[in-house]
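Summary of the model geometry
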Amino acid sequence: MARHFLKDDDVTPVEQAEILALALELKAAPYSRRPFEGPQTVAIIFDKTSTRTRVSFAVGVADLGGVPLIIDSQTSQMGGKESVADTARVLERQVASVVWRTYAHSGLEEMAANSSVPVINSLSDDYHPCQLLADLMTIQEHKGKLAGLKIAYIGDAANNMANSYLVACATAGMHISLAAPSGYQPSAEVVARASQIAAQTGGSVTVSSDPRSAIAGADVVTTDTWISMGQEAEKAKRIADFAGYTIDSNLMSLAQADAIFLHCLPAYRGYEVSAEVIDGPQSVIWDEAENRLHAQKALMVWLVDQSNKGK
């Protein structure tokens, strides 16, 4: 039976650790695993524009011995003339896995429910779990561990990145502290799920509107754009609403002296983060961007291995 990865808690804490360990192995030995040798094809579907996701998955599939088939949904029948379920049934007979960057999370759930090959969420409106695997890998590289570390997320917390940070960091046993203005805080449902996981892993979840208390003593600091795709018309209002939430050197000074800064990119200097922080010595964003490749390769290998168990 196929294993899918649609949201961060589709893997257990032990499984998350396995994937991250494999990611570090593959970074050291990029061509040591070739599950798509043949070559087999992996469908990589884009409903949204992309740079890092497109490059990292295409290169990753090739590194693993396969052929990446890039499908822009605007040039396919999917979701228009053909249902997601029917598309899944067509794809499963011809490809080894499906990677999909889309809007509604329900589409991914429908794809997975009708697919006998692994389906991977490369971004949806609700979650961005592949980004979090790369982020956790980057933290592990720089800090040597995950459990027990404090990570502060400052800014727009009513989005897919904040949801994934909550769930993935709780799964890793981290202390996740979010600060967002009223109206931009995460859903109660996601916070409750993250808190439930944290209670089992020794982590914790804190949500407030105070960026200074959220970042105090943090080992890792992160944020995301205030103006995501489709929100351009709200730009002026959002900039006003997020006054005081820019991660600059003053705010960063409240974190640990050896704290690292993450950003999933694209970044807008002067808004969610100052240039002096994102381009400064504590920033590890280019390691983070590279690690999308290694973490996603590890995920694909792991899902193939899990899906082949019992066959």
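On a predicted model such as this, the values are computed, not experimentally measured, just so you know.

Before going further, it helps to spend a moment on the pairing of strand β4 (residues 119-123). The element β4 is extensively covered by neighbouring structure, given that five of its five residues are classed as buried. Strand direction decides the pairing type here: strand β3 (residues 97-101) and β4, joined by four bridges, are parallel. When the sheet's bridge partners are listed, valine 99 is paired in β4 with isoleucine 120. As for the winding sense of the linkage, the β-α-β connection from β3 through helix α4 (residues 105-113) to β4 is right-handed.

Once that is clear, we can look at the packing of helix α1 (residues 13-28) against helix α12 (residues 285-308). Look at α1 against α12: their axes get within 8 Å of each other, and the N-to-C directions meet at 120°. Taken together, α1 and α12 sit at an angle that is classed as oblique. Here the hand of the crossing between α1 and α12 comes out right-handed. Contacts from Glu15, Glu18, Ile19, Leu22, Ala23, Leu26 and Lys27 of α1 reach α12 at Glu290, Asn291, His294, Ala295, Lys297, Ala298, Leu299, Val301 and Trp302. A per-class count over the contact of α1 with α12 returns nine nonpolar, two polar and five charged.

Moving on, we get to the layout of surface pockets. Quantified by volume, the second largest pocket comes out at close to 170 Å³. Ile71, Glu82, Thr87, Val90 and Leu91 are, among the ten residues lining the second largest pocket, the residues nearest its centre. The element that contributes the greatest number of residues to the lining of the second largest pocket is helix α3 (residues 84-91), accounting for three residues.

What follows covers the packing of helix α2 (residues 52-63) against α12. Between α2 and α12, whose axes approach to 9 Å, the crossing angle comes to 50°. It follows that α2 is oblique to α12 by the angle criterion. Of the two possible hands of crossing, α2 and α12 adopt the one that is right-handed. Contacts between α2 and α12 involve Arg52, Thr53, Ser56, Phe57, Val59, Gly60, Val61 and Asp63 from the former and Ala289, Arg292, Leu293, Gln296, Lys297 and Met300 from the latter.

Right, let's get into unusual backbone geometry. Between glycine 38 and the following residue, proline 39, the backbone shows a cis peptide bond with an omega angle of 0°. Relative to the helices and strands, proline 39 resides in the loop between α1 and β1 (41-46). Residues leucine 265 and proline 266 are joined by a peptide bond in cis, for which omega reads 0°. If you check the backbone angles, leucine 123 has positive phi at about 160° while not being a glycine. Residue placement: leucine 123 occurs in strand β4. Residue leucine 123 is classed as buried on the basis of its relative accessible area, which comes to 7%. Positive phi, normally seen in glycine, also occurs at leucine 265, with a value near 70°. By the element assignment, leucine 265 lies in the loop between β9 (260-263) and α11 (275-278).

Criteria and cut-off values
Residues numbered from 1 in each chain as written. Predicted model: local features only at pLDDT ≥ 70, side-chain atom pairs only at ≥ 80, totals over all residues. Heavy atoms only, no water. Buried < 20%, exposed > 50% of the residue type's maximum accessible area, 1.4 Å probe, protein only. Helix = DSSP H or I, 4+ residues; strand = E, 2+ residues; numbered from the N terminus. Pairing = 2+ DSSP bridges. Right-handed = clockwise from strand over helix to strand, strands pointing away. Axes fitted to C-alpha atoms, helices over the stretch in contact; angles between N-to-C directions. Parallel < 35°, antiparallel > 145°, perpendicular 65-115°, else oblique. Left-handed = near helix turned anticlockwise from the far one by under 90°. Contact = heavy atoms within 4.5 Å. Nonpolar A, V, L, I, M, F, W, Y, C, P; charged D, E, K, R; others polar. 1 Å grid on protein atoms, 1.4 Å probe; cavity = no way out; pocket = protein on both sides within 12 Å on 5 of 7 lines; lining within 4 Å. Points joined across faces, edges and corners; volume = space filled by probe spheres on them.

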